[in-house]
Amino acid sequence: MGAKRYQAVKGTRDLLPPETALWAAVEAVARRVFGRYGFGEIRTPIFEDTELFARGVGESTDIVGKEMYSFTDKGGRNVTLRPESTASVCRAYVEHGMQTLPQPVRLFYIGPQFRYERPQKGRYRQFHQIGAELLGGKGAESDAEILLMLVAFLRELGFTDLKVLLNTVGDAESRAEFRRRLVEYLRPHAEALSEDSRRRLDTNPLRILDTKSPEEQKLLAGAPHLEECLTDASRSQFARVQEILDRMGVEYDVSSRLVRGLDYYTNTVFEIVSEGLGAQNAICGGGAYEGLVEELGGPATYGVGFAIGEDRLIEVLPGSFKEKQKLQVGGTVVVRVIGDSAEGLGDARGGLEVAGQELAEELRRAGVPAVSLGDATPAKTYAYAEHVGAPAIVVLGGDELKTGTLTVRTTATRKQETMPREAAFSYLKAFFASFVSSSSS
Ligand code: AMP
């Protein structure tokens with residue numbers, strides 16, 4: 001029996017090459033697009049005081065109620081692995097006095113989040129979000145700016161079929177009225193509700209609207225609508241957001257049943273769904289939050305933001321983006337050496353391995369990505385080249401050494417040409433330059 005083997009903890013996973021290159025490419029697009037909208041990157045700690053999330057996200061939410069990775073550290077501090085980043089960003093905004101900077105402040109983040117949920121396809125306990133927050137802005141205009149940027153990012157990735165679902169959950173006053181009417185309607189039917197929903201009747205009745213149970217959905221069909229409870233201010237803000245989006249050509253569907261699982265949202269909320277994902281079909285959620293910064297000890301500040309689930313985003317990435325990205329990373333030359341050190345290849349000790357390493361390093365210094373396989377057989381060389389998507393193989397043998405040449409084979413056609421060393425270098429350099437420029441447009 002060998003030693004015990006370990007596996008990644010349930011709900012977590014390793015991301016491996018070549019897929020990690022796809023993640024990096026998506027993140028590079030996010031940085032580029034968000035930068036174009038004037039957003040700067042913020043990196044907050046992966047864990048925070050538990051209380052920050054309890055207050056920020058809300059005690060009655062599923063996240064705080066049952067999904068947090070909380071523990072006491074050796075100093076007796078109660079800390080939690082971040083389940084989302086908006087609370088952290090707002091904490092940082094207040095902590096660094098960002099309200100004194102010219103407003104609004106535009107921040108984006110990329111990184112892992114942790115929720116103790118039941119793992120299933122598209123749902124992990126460590127997952128990743130790409131998000132942005134606009135703080136200190138102005139109502140509808142800020143909401144529209146955030147949505148414009150979100151749609152621009154997804155377009156840049158090649159998405160054409162995503163749906164933006166838009167709704168308003170109203171301001172605090174509208175919500176209080178709606179909550180009152182909803183509870184009044186549901187209370188007499190409490191018996192028909194699931195245990196979870198019955199609990200929510202007292203803690204967070206709005207969340208009952210999220211139910212997946214057909215019986216509850218039927219019951220809810222007759223429930224009062226939030227729309228009927230909206231204050232004039234909320235109503236006009238929602239109309240204004242739609243007006244701006246229409247003007248800017250951003251398509252959306254108003255989805256009056258859309259509520260979000262986090263407590264801090266006010267007025268505009270939105271979600272982006274992809275048909276390709278099945279049950280866990282939301283790839284992005286977001287909305288405005290007018291009270292959060294104040295709740296965390298700062299001044300009253302308008303905030304609006306979104307979080308894209310990166311794991312799900314990668315799952316449904318359009319083929320066009322993946323092809324483009326493959327071209328960009330499939331750019332390694334494989335060096336193969338044939339002959340023996342008696343022919344002067346490499347030194348007496350290192351032999352062919354070192355000769356291959358030397359050539360590969362020369363290529364890299366010239367800007368051509370390269371790996372050496374030493375004296376691997378042709379079959380092994382092709383297998384490797386295909387595995388890493390290397391478009392060319394460079395062969396160095398006794399003859400090449402004598403004549404100052406290199407043999408370049410194209411992986412796809414298996415055709416080869418022997419050319420002077422200089423010419424081979426120029427050829428490969430141009431080859432890779434054309435690769436990168438054709439795929440990064
Ligand atoms: P939320 O922070 O709950 O608004 O979620 C925003 C987005 O993060 C969702 O639309 C999902 O795409 C993604 N997400 C949330 N929870 C998970 C999870 N457990 N696993 C994978 N993605 C998730």
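Below is a short write-up of the structure.

Calculation rules
- Residues numbered from 1 in each chain as written.
- Predicted model: local features only at pLDDT ≥ 70, side-chain atom pairs only at ≥ 80, totals over all residues.
- Heavy atoms only, no water.
- Near = heavy atom within 4 Å.
- Polar contact = N/O pair within 3.5 Å; in protein donor to acceptor, adjacent residues only side chain to side chain.
- Areas by Shrake-Rupley, 256 points an atom, 1.4 Å probe, with all protein chains shown as cover.
- Helix = DSSP H or I, 4+ residues; strand = E, 2+ residues; numbered from the N terminus.
- Nonpolar A, V, L, I, M, F, W, Y, C, P; charged D, E, K, R; others polar.
- Buried < 20%, exposed > 50% of the residue type's maximum accessible area, 1.4 Å probe, protein only.
- Contact = heavy atoms within 4.5 Å.
- Pairing = 2+ DSSP bridges.

## Side note on the site of the ligand
Phase 1: Near the ligand lie 16 residues; those nearest to it are Arg115, Glu117, Tyr124, Arg260 and Ala282.
Phase 2: Contacts to the ligand include arginine 115, whose side-chain N or O atom sits 2.8 Å from an oxygen atom.
Phase 3: With respect to the ligand, the backbone of cysteine 284 contributes an N or O atom lying 3.3 Å from an oxygen atom.
Phase 4: The fraction of the free accessible surface of the ligand (490 Å²) that becomes covered by protein chains is 92%.
Phase 5: If you list the elements that add at least two residues to the shell around the ligand, you get strand 6 (126-135), strand 10 (282-289) and strand 11 (303-309).
Phase 6: Among the elements that make up the shell around the ligand, the one with the highest residue count is strand 10 (4 residues).
Phase 7: By residue class, the composition of the shell around the ligand is 7 nonpolar, 4 polar and 5 charged.

## A few points about the side chain of serine 142
Phase 1: For serine 142, the position within the fold is in helix 5 (residues 139-156).
Phase 2: Accessibility expressed as a relative area gives 4% for serine 142, which makes it buried.
Phase 3: Residue contacts for serine 142: discarding those within four places in its chain leaves Leu134, Gly137, Tyr302 and Val304.

## Points about the pairing of strand 3 (residues 69-72)
Phase 1: Bridge count between strand 3 and strand 4 (residues 78-81): 4 bridges; the pairing is antiparallel. Residue serine 70 lies in a different strand from strand 4, and its bridge partner there is threonine 80.
Phase 2: As consecutive antiparallel partners, strand 3 and strand 4 are separated by 5 residues, and within that stretch glycine 76 has a phi angle of approximately 80 degrees, a positive value.

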